[in-house]
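A structural walkthrough
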Amino acid sequence: MPTTVPLDLHPDRLLPADPGLREVARRLYGAAQDLPITSPHGHVPAEWLAHDLPFTDPTSLLITPDHYVNRLLHAHGVPLSALGVGQGELSEAEARAAFRVLCSHWSAYRGTPVRVWLESQLVEIFGVSVRPSAETADAIYDQVAACLATPAFRPRALYERFRIDVIATTDDPCDDLAAHRLLRADPTWTGRVLPTFRPDRYLEPGRAEWVADVDRLGEVAGIDTGSYPGFLAALEDRRRYFADHGAVSSDHSHADARTDTLSEVEAGRIFAAARRGEATPGEATALRRHLVSEMARMACDDGLVMTLHPGVRRNHHGPTHAAYGSDVGTDIPVAVEFTEALAPLLNRYGTHPNFRLVLFTIDEDVFSREIGPLAGFYPSVYAGAPWWFLDAPEAMRRFRGAITESAGFDKTSGFIDDTRAFCSIPARHDLSRRIDAGFLAQLVGEHRLSEEEAHDTLYDLVVTNPRRAFKL
Amino acid sequence: MPTTVPLDLHPDRLLPADPGLREVARRLYGAAQDLPITSPHGHVPAEWLAHDLPFTDPTSLLITPDHYVNRLLHAHGVPLSALGVGQGELSEAEARAAFRVLCSHWSAYRGTPVRVWLESQLVEIFGVSVRPSAETADAIYDQVAACLATPAFRPRALYERFRIDVIATTDDPCDDLAAHRLLRADPTWTGRVLPTFRPDRYLEPGRAEWVADVDRLGEVAGIDTGSYPGFLAALEDRRRYFADHGAVSSDHSHADARTDTLSEVEAGRIFAAARRGEATPGEATALRRHLVSEMARMACDDGLVMTLHPGVRRNHHGPTHAAYGSDVGTDIPVAVEFTEALAPLLNRYGTHPNFRLVLFTIDEDVFSREIGPLAGFYPSVYAGAPWWFLDAPEAMRRFRGAITESAGFDKTSGFIDDTRAFCSIPARHDLSRRIDAGFLAQLVGEHRLSEEEAHDTLYDLVVTNPRRAFKL
Amino acid sequence: MPTTVPLDLHPDRLLPADPGLREVARRLYGAAQDLPITSPHGHVPAEWLAHDLPFTDPTSLLITPDHYVNRLLHAHGVPLSALGVGQGELSEAEARAAFRVLCSHWSAYRGTPVRVWLESQLVEIFGVSVRPSAETADAIYDQVAACLATPAFRPRALYERFRIDVIATTDDPCDDLAAHRLLRADPTWTGRVLPTFRPDRYLEPGRAEWVADVDRLGEVAGIDTGSYPGFLAALEDRRRYFADHGAVSSDHSHADARTDTLSEVEAGRIFAAARRGEATPGEATALRRHLVSEMARMACDDGLVMTLHPGVRRNHHGPTHAAYGSDVGTDIPVAVEFTEALAPLLNRYGTHPNFRLVLFTIDEDVFSREIGPLAGFYPSVYAGAPWWFLDAPEAMRRFRGAITESAGFDKTSGFIDDTRAFCSIPARHDLSRRIDAGFLAQLVGEHRLSEEEAHDTLYDLVVTNPRRAFKL
């Protein structure tokens, strides 16, 4: 094998291998390939677009902030520190060394979506034409770095180039959304960046920082959160503030999906105990579940779509968390349950015309058993796209294979990139369109759908479904 | 797109798209296509065949009673009342309006088995040749209605036309099986309609109506059910009555599959407490689990095959249940467990030569983990066909892929339509034969089975297996 | 159908049916087909190779000891006694009769891996050329028996012929490893047979024989196991003894995978209570979980790789266990959990450079949900190959489809045959290579991997991965 191997993207990549199906999939994908990107859930900071600052170096852009990339290197014995995680600003030498580590472990990514995303980015955005390896690392680093130094690679230019139609950020309820306001006030900015209300920390009275957080919430809202009614009013106020700044959804992730409600009296009693630091763990959990139901009640009023993604043991490896903080690749999924958990909430709000609930999971077992049947009955419920560990070709095929037969296509959310790796957004959406084209081609090839219907369906999956599910 | 699109059924629909596999699958399916239908579990009322009354209108036949059809429309915001559910007899205008709702939501069914079943019925039974849509709804309604007005579309004529060999109904133990007796006494009737013993309500002492139900059971059996031995004797008596009227199986669905046994003394004590309305929920559950084991004991004597299908949260949406009753599409699956749950029962009766236990699930997780291994060891245990939410092409493929490697083909039950939608029966069996033909073609194509063996296997799946599993 | 049907193995068996993918798969498989066999986990007795005694008869070789073969015959109503299980040495008539039972139930194995393994053995090892059936049973029996009578079919000759590079046995910690010593001392023996440390019984204080077992452990180690520190020291001593005799791993199977640790004081207290027979079931379980964590601690020192395979209800059918003992096909899987269960152990040792943990499961649900993410983050964790009920073509495909996207190929263990059916070893490894070749061909066909990378990957899966995961 030569040390330098060309890197090119086959135009038919990720389409079915069968020649007949590939023909169909090519036509379907071809019509969807250039449609604009709707990204109703993700983690790109609004500041990047508001200030349009250039990205500093290839490592800070492609490696350090992306736990998808880092975790597999860590699994091969690379310390996270060697990838820049938790190291503050990197020197050129450090950034280059980290980039070399990635390139020299290129084979570790065979068969993973990370490989697909990185190859797409290198080729399509930065024009790289050699496969990453120990030998080619420096040249690729230089090529990407040279790009980043030019105006065409600033965030706003890339936003245009990526054909992003709308993108959502994820924000703390106390956030003043200054960057979002800046963008809305900027006449030179024609894109659409929406905040998302992410209140998890305020709904978990068991957390050590909860009392201080609730105090701060009160300050920001200008409402006394010392009482339970005041706390609810402050949450309602902040939801309105977000809605007024363009938010279309609230996002929720707790250890489980339960939504058992309490009486107002009992909720108030536990709230007061929790304010005094005297709530038991059981009471704190009970109040959290009640508060998730309260979020649904508020959503019926203010119209924010609820997205739910439970079932992750956060910071599984304590020492890594202690050294590097959260969101560094040490979250591990656990089994999840929706049917019993959501019954209280859905009995109250499941048929409310103003309510939307998008269910994400990284426990595939619930695709056919729970999410499909729930989305196939409740008008408010949508099956969220395969997400996080499941945002990958085979998992996407399993998702469509498990969900479609009970919920159809129209009760799925459309693709969610859920990423802070800005340059990976087009690659992720493209991968999803290719896989959906292939799934639809299979239905056409088995005469279960006409090609004209498959064409319409793919358009809907890319354009109509996210708009419907997220009320865009 | 023209407003009128032709509707035709491709002869190769649902067969593998790969040309080589399709050739094989075509041959396999071709030999099985016209074999008679064995339907050992379903919900068609015996009265329909006994009295041979004409179906009133297209909506009452195809929409209102079929929760598979209705639930997805409900998921798209259509009230069940608009589909005739719980509305009593429909006026012609109401029936036509409901039919229009279905046709104008045709795209919601893309990729679902409901679409396959409805298309099959429309084309093959009623000769419809245009795709349902808002524009074509009235014409299709008229065409189906015209058919229903003719003798060729009465239940008995359709029974003949559908090539049904035997069909089972599902009946309350107190039912006098009058319709079944009528049919058996009718010299002009040459079909075979079998009752099925469905005792769930009598085995759940926690239900509010249980005492009254048990009283009624005693009256019908002519045995005093005031005591536990009398209660068991009454159940045995009714099982015999069913067996004498042709029943080959009893059918069971509870919240879980547990079969822990109690001592006779303890069972009697709880029974007495439950008669007084004084059993705790825990005691009621314990007695129910014991009674399921008792059903197995009785089955060793009277030979009725036991079918088990636990793991559904019935009437998940309370308001819908309150407004429309049960079986209207608001049942949602939950996780289920068989290995530990069935150990008590199988330790007692698992190798009894007269015992058969068919395990159905809508939690796919147990296919490879529990059902395959159980059916691959216990002579009494059969893997039930994929069922309810899993009665669909992709789920059927997953079933064969997950079950066959540990249990083979011969320990599976054969297809179960489980339907009250009479006209969908041929479509459902046909879909199953096509998918099994494709699965077998894959084995042939990978040289894991000779085509001659695949041919024999498909014949067995259609003819031999249901006869063996249900002792027909 | 003629009563005698030829039996031949298609060269492309188990490769993809699609002609394009098959071409690729053929090339990939062709390069891996003849690579030596690495078998780091299995149950072949070292005595067979040490003494090189001839196999007595076809039934004792192929049927009686192989619960994969027996359980499906039992599921079809054949008593285990008719297959020689628990019958001591078989007469020629008995052996022949059992062989006839197998051959006359040949169709029961359609679609199972047992069929693939048996066909491979019959054709490739024994030169059989007719399909087993009632009619051909005697002739096949005679042909296999004639082979077994010749020197070429003794264990050592077969070891050479099978191209086994290294094979591990599974052994009790008190075993003196005499057969292993014999082999190492034998200058005529050039193979490599490694013991494996399997301490389950000593780690379960709830077992009735535990006190006696721990006493015996003390005797063998020459260390007083009356105290908790002595018990740990004895375990450490025996681990060293095994390591000194070539062991590379310890193997663990308990009801669950939990690893919660106790304080030394609490562990010692429960140990003392258990020695007196006074530990509660809860205490016994707590000590067992702590001891599994202790095994990991010791592994960081002595370097033995830990393999974990929880989640089986052993001896599910009590009467069969009573009549025939363990390992006769009546073990049934249950659901399993790794994420929470392993957190204590992985927080302590998960990033230790000397630690390796290979996770096996027969609950597929954890493939994408838990094992992939764990192996994709922790440097110590490897995803074990699909195993036992999942050691089969479709399950292997599901394994690769579910694991690769989060853990890649390099964090998987390589194939594990886990068998005591010596002659099935080449067939099992061959099947695995064919399926992996097909999976990789699919990635090539979808342009997700170059053929050259796929070629390297298959080599790694066969050669590099088991060596890396098991430190060979």
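Relevant structure appears above.
So, a few notes on the structure that sits alongside this text.

The next subject is the overall build of chain A. Per the secondary structure count, chain A includes 19 helices and nine strands. Its C-alpha atoms give chain A a radius of gyration of 23 Å, within 12% of the compact-globule value 23 Å for 472 residues. For chain A, the C-alpha atoms occupy an extent of roughly 70 × 60 × 45 Å along the three principal directions. Expressed as a percentage of the 472 residues in chain A, the buried residues total 64%. Put simply, of all contacts in chain A between residues at least 6 apart along the chain, 77% involve residues at least 24 apart. Counting every atom, chain A has about 15,300 Å² of accessible surface; 52% of that belongs to carbon and sulfur. Looking at charge distribution, chain A has the averaged site of its 48 positive side-chain charges lying 1 Å from that of its 66 negative ones.

Quick look at the relation of the copies chain A and chain C now. By a simple turn and slide, chain A fits onto chain C: the slide is 0.0 Å along the axis, the RMSD is 0.0 Å, and the turn is 120°. Taken together, these values place the two copies in the relation of a three-fold axis.

Considering all chains together, one arrives at 152 salt bridges over all chains under this definition. As a salt-bridge pair, Glu446(A) and Arg397(B) come within 3.0 Å of each other at their nearest N and O atoms. Note that Glu446(A) is positioned in the loop between α18 (425-445) and α19 (451-469) and Arg397(B) in helix α17 (residues 393-407), a pairing that runs across two chains. Among the residues examined, Glu446(A) registers a relative accessible area of 1% and is labelled buried. The residue Arg198(B) makes a salt bridge to Asp200(B) at a minimum N-O spacing of 2.9 Å. Judged by relative accessible area, which is 11%, Asp200(B) ranks as buried. By sharing partners, the salt bridges in this structure join Asp12(A), Arg22(A), Glu23(A), Arg26(A), Arg27(A) and Glu451(A) into a single network.

Further remarks concern the interface of chain A and chain B. On the side of chain B, 49 residues touch chain A, which itself brings 42 residues to the contact. The contact between chain A and chain B buries some 3,700 Å² in all, and 51% of this surface belongs to carbon and sulfur atoms. Across the chain A-chain B interface, the total number found is nine salt bridges. A salt bridge links Asp365(B) to Arg369(A); its shortest N-O distance comes to 3.0 Å.

With that out of the way, let us pick up the pairing of strand β5 (residues 305-308) of chain B. All names here are of chain B. Residues of β5 alternate between two faces, with Val 305 and Thr 307 on one and Met 306 and Leu 308 on the opposite face, all of them buried. When strand β4 (residues 249-252) meets β5, the two strands line up parallel, connected through four bridges. Each residue of the ladder has a partner; that of Asp 251, found in β5, is Thr 307. With three bridges joining them, β5 and strand β8 (residues 357-359) adopt parallel strand pairing. Within β8, the residue paired with Leu 308 across the bridge is Leu 359.

Moving on, we get to the packing of aromatic side chains. Residues and elements named next belong to chain A. The final tally for this structure, using the stated rule, is 60 aromatic pairs over all chains. Taking the centre distance of 5.3 Å and the plane angle of 80° together, the rings of Tyr 68 and Trp 117 count as edge-to-face. A residue pair is termed long-range when its members are at least 10 positions apart, and Tyr 68 in helix α4 (residues 67-75) and Trp 117 in helix α6 (residues 113-125) qualify at 49 residues. Accessibility assignment for this pair places Tyr 68 and Trp 117 in one class, buried.

Thresholds, definitions, all that
- Residues numbered from 1 in each chain as written.
- Chains lettered and ligands numbered in written order.
- Predicted model: local features only at pLDDT ≥ 70, side-chain atom pairs only at ≥ 80, totals over all residues.
- Heavy atoms only, no water.
- Helix = DSSP H or I, 4+ residues; strand = E, 2+ residues; numbered from the N terminus.
- Rg over C-alpha atoms; globule rule 2.2 N^0.38 Å.
- Buried < 20%, exposed > 50% of the residue type's maximum accessible area, 1.4 Å probe, protein only.
- Contact = heavy atoms within 4.5 Å.
- Areas by Shrake-Rupley, 256 points an atom, 1.4 Å probe, with all protein chains shown as cover.
- Lys, Arg positive; Asp, Glu negative; His and termini not counted.
- Charge placed at Lys NZ, Arg CZ, Asp CG, Glu CD.
- Least-squares fit on C-alpha atoms with pLDDT ≥ 70 in both.
- Salt bridge = Lys/Arg side-chain N within 4 Å of Asp/Glu carboxyl O.
- Buried area = accessible area lost by both parts, 1.4 Å probe.
- Pairing = 2+ DSSP bridges.
- Phe/Tyr/Trp six-rings, centres within 6.5 Å; stacked < 30°, edge-to-face > 60°.

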